[in-house]
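Next come the chains, spelled out residue by residue.
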Amino acid sequence: MKQSKGVLSILIVGMLMLSSCIGIQADISLRADGSGTLVLEYRLSRLLESLGKLDGNEGWPPIPLGKADFERTQERVPGLTLVSFSSKDDGKDLCNQVKMEFSDLTALVRFLDATKQRASLVQEQGKYRLTLTFTEGMDKADPDLLDLLAAVSAGYAIQVSLSVPQEGSLRVYDRDGNAVDTLPGMSLVPQGKRVSFMAPVGEVLSHNRGLNMEIGW
């Protein structure tokens, strides 16, 4: 039983390490009618990208980041349009930039949920609340493996910003609803017509109580 638990821990942290080799920046701009634009930038470590070639799939990243993936996504999500896609290699990372347009908030949420961010939208009395779950957390993990996760994720961050016509708000909290305001390297703009969140990938993925972000407007 102890051996099985050890293998499971290695698998979980191994998955986190793969995720930690990706930097994500998402800039969302909303219009008053609920339509808007979403600009995504992905930095994909060449180390991670090379893993996709082990099974003979050269030229295809091991996770859905290519233009064809976004084209398929727009076909599945009504109201979503791929405006542009560009890719460049800076020697260390493969950098992809994508611009999408969405006709309504439903299309935006379906796209965000498709990227495994577990997105949800609630409307109450004319107000909106968008929630993203980054991770549900792990109560126990090997400290040495977490140190390794921090090392391989160095230089990669998750950034999300939302621009709205009226005043907006942003908060970060754990799976129990407690505010998270001391995450190392985290920066927030919690109020205004443009709210934003930024934190190192390793800190987000290794947070033991999970991490959620809620944006209201």
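Everything below is about the structure shown above.
As the structure is a prediction and not an experimental result, all values here were calculated from the model. (Residues numbered from 1 in each chain as written. Predicted model: local features only at pLDDT ≥ 70, side-chain atom pairs only at ≥ 80, totals over all residues. Heavy atoms only, no water.)

1. Comments concerning the overall build of the chain
So, point 1. Summing up its helical and strand segments, the chain has six helices and 10 strands in all.
So, point 2. Within the chain, buried positions represent 40% of all 217 residues.
So, point 3. A fraction of 63% describes how many contacts in the chain between residues 6 or more apart in sequence connect residues 24 or more apart.
So, point 4. When the accessible area of the chain is evaluated, it comes to approximately 11,800 Å², of which 52% is carbon and sulfur surface. (Helix = DSSP H or I, 4+ residues; strand = E, 2+ residues; numbered from the N terminus. Buried < 20%, exposed > 50% of the residue type's maximum accessible area, 1.4 Å probe, protein only. Contact = heavy atoms within 4.5 Å. Areas by Shrake-Rupley, 256 points an atom, 1.4 Å probe, with all protein chains shown as cover.)

2. A few points about the pairing of strand S3 (residues 80-89)
So, point 1. As paired strands, S3 and strand S4 (residues 93-102) are joined by nine bridges and run antiparallel to one another. Directly across from Ser84, in S4, lies its bridge partner Lys99.
So, point 2. The turn linking S3 back onto S4 is made up of three residues, and Gly91 within it adopts a positive phi angle of 95°. (Pairing = 2+ DSSP bridges.)

3. Some remarks on the packing of aromatic side chains
So, point 1. According to the stated counting rule, one finds five aromatic pairs in the structure shown.
So, point 2. With a centroid separation of 6.2 Å and 45° between ring planes, the pair formed by Phe70 and Phe85 is classed as tilted. Here Phe85 lies in strand S3 and Phe70 lies in helix H3 (residues 67-76), a separation of 15 residues in the sequence.
So, point 3. Under the relative-accessibility criterion, Phe70 is labelled buried at 3%.
So, point 4. Among the residues examined, Phe85 registers a relative accessible area of 23% and is labelled partly exposed.
So, point 5. Both rings, one in Phe134 and one in Phe197, keep their centres 5.3 Å apart while their planes meet at 20°; by these two values the pair is stacked. Of this pair, Phe134 sits in strand S6 (residues 127-135) while Phe197 sits in strand S9 (residues 191-200), and the two are 63 residues apart along the sequence.
So, point 6. In this structure Phe134 comes out as buried when scored by relative accessible area, which is 12%. (Phe/Tyr/Trp six-rings, centres within 6.5 Å; stacked < 30°, edge-to-face > 60°.)

4. Quick notes on unusual backbone geometry
So, point 1. Even without being a glycine, Gln125 presents a positive backbone phi close to 50°.
So, point 2. Its location among the elements puts Gln125 in the loop between strand S5 (119-124) and S6.

5. Considerations on the pairing of S5
So, point 1. As paired strands, S5 and S6 are joined by six bridges and run antiparallel to one another. By the bridge assignment, Ser120 is partnered in S6 with Thr131.
So, point 2. The hairpin formed by S5 and S6 contains two residues between the paired strands, and Gln125 there has a positive phi angle of roughly 50°.

6. Concerning the pattern of salt bridges
So, point 1. Inspection of every chain in the model, using the stated rule, returns seven salt bridges.
So, point 2. The partner of Arg72 in a salt bridge is Asp69, and the shortest N-O contact between them spans 2.6 Å. With Arg72 and Asp69 both in helix H3, this residue pair falls three residues apart, about one helical turn.
So, point 3. Taking the relative accessible area as the measure of exposure, Asp69 reaches 15% and is therefore buried.
So, point 4. The network of salt bridges with common partners includes Glu124, Arg129, Arg171 and Glu214. (Salt bridge = Lys/Arg side-chain N within 4 Å of Asp/Glu carboxyl O.)

7. Let's talk about the nonpolar core
So, point 1. Formed by 43 residues in total, the largest nonpolar core has its most connected members in Leu38 and Phe197.
So, point 2. With near-sequence residues (within four places) excluded, Phe197 lies in contact with Phe134, Ile158, Gln159, Val160, Leu170, Val172, Met186, Ser187, Leu188, Val204, Leu211 and Met213. (Core = buried A, V, L, I, M, F, W, Y, C linked by side-chain atoms within 4.5 Å.)

8. Regarding the environment of Arg129
So, point 1. Take Arg129: it is sitting in strand S6.
So, point 2. Relative accessible area serves as the criterion here: at 29%, Arg129 is assigned to the partly exposed category.
So, point 3. A C-alpha to C-alpha distance of 9.3 Å links Arg129 and Ser169, two positions 40 residues apart in sequence.
So, point 4. Setting aside its immediate chain neighbours within four residues, Arg129 contacts Ser120, Leu121, Val122, Glu124, Glu214, Ile215 and Gly216.

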